[in-house]
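Spelled out, the chains give:
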Amino acid sequence: MKTESYRLRSDARLTEGPGGSLVLEQSRYRLRLPGLEAGRRAVLLRMVENWLSDLQIAQLVTGLEGDSRLLPTQLLVRRLLLHSWLERRVSVGARALLDVVPRSIGAKSVPPQRRHRPGAVYRMSRFAVMRAEQGRMVAYSPLSTVGISFSGFRPAAVLARACAEEIGLGEVAEESGVDESGAGFLLDELLAARLLVTPEEAGAETRAAPMALWSAEELWLHDRSRPERHAAPIGATDRFRSPPAADCGRTAAAEGRSSIALPAPPYAARESSSLSTVMARRRSVRGHDDSRPVTLAQLGEFLHRVQRLEIRDGDGETTGARPYPGAGGLGELEVYPLVSRCAGLPGGLYHYDSTHHRLAPVAAPGPATERMLSFARGTATMPGPPQVLFVITARVGPLMRKYEGIPYTLALKDAGILTAWMYLVATDMGLAPCALGAGDTASFSALAGLDTLAEPAVAEFVLGSCPPDGREPA
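Residue numbers run consecutively from 1 along every chain, following the written order of its sequence. Whole-chain, interface and lining totals are the exception, using all residues; otherwise, since this is a predicted model, local features are given only for residues with pLDDT of at least 70 and side-chain atom pairs are given and counted only at 80 or more. To obtain the side-chain values, all non-hydrogen atoms of the structure were included, while hydrogens and water were left out.

Colleague: An account of the overall build of the protein chain is requested, with residue identities and associated values reported.
Modeller: Strands here mean DSSP runs of E at least two residues long; helices mean DSSP runs of H or I at least four residues long; both are numbered from the N terminus. In terms of helices and strands, the protein chain carries 14 helices and 21 strands. With the C-alpha coordinates of the protein chain rotated into their principal frame, the extents come out at 90 × 55 × 40 Å. Taking all 474 residues of the protein chain together, the buried fraction comes to 50%. For each residue, the accessible area found with a 1.4 Å probe, counting protein chains only, is set against the maximum for its type, and the residue is called buried under 20%, exposed over 50%, and partly exposed in between.

Colleague: Can you tell me about the packing of helix α1 (residues 38-46) against helix α2 (residues 54-65), naming the residues and giving the values?
Modeller: For helices, the fitted line uses only the C-alpha atoms of the stretch in contact; every axis is such a line through C-alpha atoms, and the angle between N-to-C directions lies from 0 to 180 degrees. Where α1 meets α2, the closest approach of the two axes is 8 Å, and the angle between their N-to-C directions is 140°. Looking at the two axes, α1 sits oblique to α2. Relative to α2, α1 is oriented so that their crossing is right-handed. Packed against α1, whose contacting residues are Ala38, Gly39, Arg40, Ala42, Val43 and Arg46, the element α2 presents Ile57, Leu60, Val61, Leu64 and Glu65 at the interface. Small angles under 35 degrees read as roughly parallel and large ones over 145 as roughly antiparallel, with 65 to 115 read as roughly perpendicular and the rest as oblique. Left-handed describes a crossing whose near helix is turned anticlockwise from the far helix through less than a right angle; right-handed describes the clockwise counterpart. Whether two residues touch is decided by their heavy atoms; if any such pair falls within 4.5 Å, the residues are in contact.

Colleague: I'd love a proper account of the packing of aromatic side chains, names of residues and values included.
Modeller: Ring pairs shown here join Phe, Tyr and Trp side chains whose ring centres sit within 6.5 Å, with only the six-membered ring taken for Trp; geometry is labelled stacked below 30 degrees between planes, edge-to-face above 60, and tilted in between. This model, assessed by the stated rule, comprises three aromatic pairs. Relative to phenylalanine 444, the ring of tyrosine 336 lies with its centre 5.2 Å away and its plane at 75°, an arrangement referred to as edge-to-face. Placement of the pair is tyrosine 336 in strand β16 (residues 333-339) and phenylalanine 444 in helix α14 (residues 441-448), with a sequence separation of 108 residues. The burial state of tyrosine 336 is the same as that of phenylalanine 444; both residues are buried. Judged by centre distance (5.3 Å) and plane angle (85°), the ring pair of tyrosine 423 and phenylalanine 461 falls under edge-to-face. Taken as a pair, tyrosine 423 in helix α13 (residues 407-428) and phenylalanine 461 in strand β21 (residues 457-465) lie far apart in primary sequence, 38 residues in all. The class of phenylalanine 461 is buried, set by a relative accessible area of 0%. The criterion for a charge sitting over a ring is simple: Lys NZ or Arg CZ within 6 Å of the ring centre, and within 35 degrees of the ring normal. Directly above the ring of tyrosine 403 sits lysine 402, whose terminal nitrogen or CZ lies 5.8 Å from the centroid.

Colleague: How would you summarise the pairing of strand β2 (residues 13-16) if you had to cite specific residues and measurements?
Modeller: Whether two strands pair depends on DSSP finding at least two bridges between them. Here β2 pairs with strand β3 (residues 22-26) via four bridges, running antiparallel. Counterpart to threonine 15 in the pairing with β3 is valine 23. In this antiparallel pair of consecutive strands, β2 and β3, the connection spans five residues, and glycine 19 shows a positive phi of 70°.

Colleague: Please provide a residue-by-residue account of helix α10 (residues 296-307), values included.
Modeller: For α10, with 12 residues, the first-to-last C-alpha span of 16 Å sits near the 16 Å given by 1.5 Å per residue. Of all 12 residues in α10, 10 are buried; the element is thus mostly enclosed. Burial in α10 covers these residues: Leu296, Leu299, Gly300, Glu301, Phe302, Leu303, His304, Arg305, Val306 and Gln307. Elements in contact with the buried residues of α10: β16, β17 (348-353), β18 (358-363), β19 (388-394), α13 and β21. Expected span, for any helix, means 1.5 Å times one less than how many residues it has.

Colleague: Could you give me a rundown of empty space enclosed by the protein, with the residues and numbers involved?
Modeller: Empty pockets left among the atoms are what a rolling probe the size of a water molecule brings to light. In the cavity and pocket records, a cavity denotes points on a 1 Å grid over the protein atoms alone where a 1.4 Å probe fits but cannot get out, a pocket denotes an open set with protein on both sides within 12 Å along at least 5 of 7 lines, and lining residues are residues with an atom within 4 Å of a point. Grid points are joined across faces, edges and corners, and a volume is the space filled by probe spheres set on the points. Across all of its chains, the model carries three cavities of 30 Å³ or more by this definition. Considered as a void within the structure, the largest cavity measures approximately 50 Å³ in volume. In terms of lining, the largest cavity is formed by Met372, Ala376, Leu389, Val391, Leu436, Ala438, Gly439, Asp440, Thr441, Phe444 and Glu460. Contributions of two or more residues to the lining of the largest cavity are made by α11 (367-380), β19 and α14. For the lining of the largest cavity, the residue count by class is seven nonpolar, two polar and two charged. Classification convention: Asp, Glu, Lys, Arg as charged; Ala, Val, Leu, Ile, Met, Phe, Trp, Tyr, Cys, Pro as nonpolar; all other residues, Gly among them, as polar.

Colleague: If you had to explain unusual backbone geometry to someone new, which residues and values would you point to?
Modeller: The linkage connecting alanine 209 with the following residue, proline 210, adopts the cis geometry, with an omega of 5°. Inspection of the secondary structure assignment puts proline 210 in the loop between α7 (199-207) and α8 (216-225). Positive phi is not limited to glycine here, since serine 84 has a value of about 65°. Owing to a relative accessible area of 2%, serine 84 belongs among the buried residues under this scheme. With a phi angle near 60°, arginine 194 is a residue other than glycine that sits in the positive phi range. Tracing the backbone through its elements, the reader meets arginine 194 in the loop between α6 (180-192) and β12 (196-197).

Colleague: Now, about the sheet that holds strand β6 (residues 86-92): what can you tell me, with residues and values included?
Modeller: With respect to topology, seven strands assemble into an open sheet ordered β5-β1-β6-β7-β11-β10-β9, the strand pairing being antiparallel. Strand pairing shows two members of the sheet lacking a second neighbour, β5 (52-53) and β9 (129-133), which therefore form its edges. Where β6 and strand β7 (residues 95-102) come together, five bridges link them in antiparallel fashion. Bridge pairing in β7 places valine 92 opposite arginine 95.

Colleague: Let's hear about the nonpolar core: which residues, and what values?
Modeller: As used in this record, nonpolar core signifies buried Ala, Val, Leu, Ile, Met, Phe, Trp, Tyr and Cys residues forming a set joined through side-chain atoms within 4.5 Å. The biggest cluster of nonpolar side chains holds 40 residues, and the ones touching the most others in it are Leu299, Phe302, Phe390 and Met422. For this core, the elements supplying multiple residues, two or more each, are α10, β16, β17, β19, α12 (396-402), α13 and β21. Not counting the four nearest positions on each side in its chain, leucine 299 is found in contact with Val294, Val339, Cys342, Leu345, Leu359, Val388 and Phe390. Counting 29 residues, the second largest nonpolar core, distinct from the first, contains Val100, Leu159, Ala162 and Leu190.

Structure, rendered in C-alpha cells:
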C-alpha cells in the first residue's frame, strides 16, 4: 500500500511573525500565515523536523481540536504542497521509497504527473545528475522543478540501470526490491521529475533541435543562473562576505614580482575617432605584420585603455573602476599578455598590474609558451603566431563571496564586455584584434602557477600590427 508523508523543505525556515502568525521563508520567497489555530500551528511546527503522514496529521489535529478542524488543516497542507513549500515522501508499506524534493516554489511549481504505460520501457535522461546533498543522495534534471532523493541504494540503482539499458516495470521492481505496484509508484515519480524519459524523448535529447544542441553542462549552467525552474538563492546574497580590500585588484609588488614600467599612455592628448566610426571599422584581423610588430608603447597604451583599475574605498567596501562595467565593481578580471613579438619588450608571459600600469614577468619563452601560441594560431586560423596573446582570467572568489547562483556567468559576461572593449580600442589604435573561442588553458595555468578553481582562464584575445594589405572581415 502506498502512503505519503510531508515535511518542510530543507532550505526553508518557519518563524514567528507579528500577531501570532507564522512565516515561511526561503531565499527570496516569504509566506505569512495569520490566524492559525492550535491544530494547524502544531502540524506546521511538527513538520519542520518530522515527516507527517495524512493519518498522523489527522490524529494530531483531532486530538487538539476535534474533527471539525481537520478539513482546514488538510486544505493548508495541500496548498503548501501545490506551492512547493513541502517535501513529499512516498512509502510502500512500512518502507520509505523516495522523497520528492522541490526545486522551485510558488504557483505552477509542481510538475505535471506522468504515468508509466504498461509494457513501456524508459531510459535515463542525459541531462540527469545525481549528487550528495545534506547527507542524502538526490537526482535532478534541469528540465524539472523537482528532484528525487532515494531512501536507500536499491531505488537509486534503477537510474544506474536505466543509464545503460532500457528498463520497464519489471526491471524497476527488480532493482528497487518492491513489488510491481510499488515499482509503478517509483517509475511515475521518476518520469514526473524527468529523470527517466521514453525512448522517443531520449532520441530527441540527442538527435533533434533544440535539446540535442545543448550539452548537459551548458544546460545546467543556464538553469542555475536563471531562476526559471528553481528557487535557489541567486544574486548578491553576500553569503561569504570578505573583509574590505581583500578582493579588489592584484599588484605585482604584492606578489613579490619584479616588474617592467610601461610608458605613460599618450592617448589623452590625441584625438580619437568617434565611437560610431570605430564601431563601423571594427573587424577581426587574423594576420599580423611581423616586419613592424606592435611596440611597447602601443601595448602599454592598449592595456591602460582596456584594463586599468582605479581602487575606490567607501561604505566599508573596496571596489574598483575599470574602463568597462563589471559585476559589483569587483574588478575580478586579470590580463596576462603572452608576448611573441613586441618591439622593446622581451618575449614571454607577463601579468599586467592594472593599478600601477606595469608588467610583471611570469615565464620566459619555452615549450609551454610555444604550445599556447600554436593553439591560438590554430584557433584563429592565422598564417603565423600572434604577436601578443592575452589570456583573461577571473578571480572568482570575490564574485562567489558576493553573489550566489550567478558568479561564474557574471565572470563570463564581464569577459565578453572586456573583449568587445578590446576590439574598439584596438580598432581606434589601428591595430589588429581577434577574439578566440578557446585557449591552451592547461599550459597557461601550469606556467602561471594558478589554481584553476581560484583563478580560471575565461577568455583569450590576440593583438598585433595590421598587415599591409588591410584588415580581414570577421
